Amino acid sequence: MAGETVITVVGNLTADPELRFTPSGSAVANFTIASTPRTFDRETNGWKDGEALFLRASVWREAAENVAETLTKGMRVIAQGRLRSRSYDTKEGERRTVMELEVDEIGPSLRFASAKVTRTQRSGGGGGGFGGGGGFSNAPQQQQSAPQQQQQQGGGWNAPANDPWSTGGNNGGGWGNPGNDEPPF
């Protein structure tokens, strides 16, 4: 949407994400990111921590389940999303306004750590991405013919033939294939 404030926050999770489900069955994970700026102090010849920002964040649907399964307290994360303000009344009748991050993308920071990414099987049909379907899968790869293997090599990982982001396979979709001359971003 136009006019929304999109920000990227790098920080550490203060607790494990809390996964809940709405009455309609949508998953939502809530968590807090603590982002502390560091500056170099020339007088002491050392690093000094600034004032920490504690930002409440939420992520929805399948991403919420992935976050709850993957991220834990203390992990350094990179989160991008839309900054929202929400007002409420306290029990004492005071009006309060809080800023929250509605997360679009989140993942572990690899600056001081490493991670192994596992693709998850998409639930439901169609949906996001170019060409629908696709998604992530941690299922073992099926045996492929030599031509299929040759088409899929060189991308760093062997994508399933129906992966909309893959340049190999016979799906006709994905970035770099005929009919898709625009990048996916």
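Residues numbered from 1 in each chain as written. Predicted model: local features only at pLDDT ≥ 70, side-chain atom pairs only at ≥ 80, totals over all residues. Heavy atoms only, no water.

A word on the confidence of the model for the protein chain
And then number 1: With 64% of its residues at a pLDDT of 70 or more, the protein chain shows a mean pLDDT of 75.
And then number 2: Long-range and interchain partners of residues 125–181, a stretch whose pLDDT sits below 50, account for 77 contacts in this model, where long-range means more than four residues apart. (pLDDT = per-residue confidence, 0-100. Contact = heavy atoms within 4.5 Å.)

Side note on the nonpolar core
Within soluble globular proteins, side chains that are nonpolar generally end up buried alongside one another.
And then number 1: With 16 residues, the main nonpolar core has Leu13, Phe31, Ile33, Val59, Val67, Leu101 and Val103 as its most contacted residues.
And then number 2: Elements with a minimum of two residues in this core: strand S1 (5–13), strand S3 (27–35), strand S6 (53–60), helix H1 (61–70), strand S7 (76–89) and strand S8 (95–108).
And then number 3: Excluding residues within four positions of it along the chain, Val67 makes contact with Pro17, Ala29, Phe31, Val59 and Ile106. (Core = buried A, V, L, I, M, F, W, Y, C linked by side-chain atoms within 4.5 Å. Buried < 20%, exposed > 50% of the residue type's maximum accessible area, 1.4 Å probe, protein only. Helix = DSSP H or I, 4+ residues; strand = E, 2+ residues; numbered from the N terminus.)

A short note on the side chain of Thr32
And then number 1: Its place among the elements puts Thr32 in strand S3.
And then number 2: There is a polar contact of 2.8 Å between the side chain of Thr32 and the side chain of Arg56.
And then number 3: Excluding its chain neighbours within four sequence positions, the residues that come into contact with Thr32 are Asn12, Leu13, Thr14, Phe54, Leu55 and Arg56. (Polar contact = N/O pair within 3.5 Å; in protein donor to acceptor, adjacent residues only side chain to side chain.)

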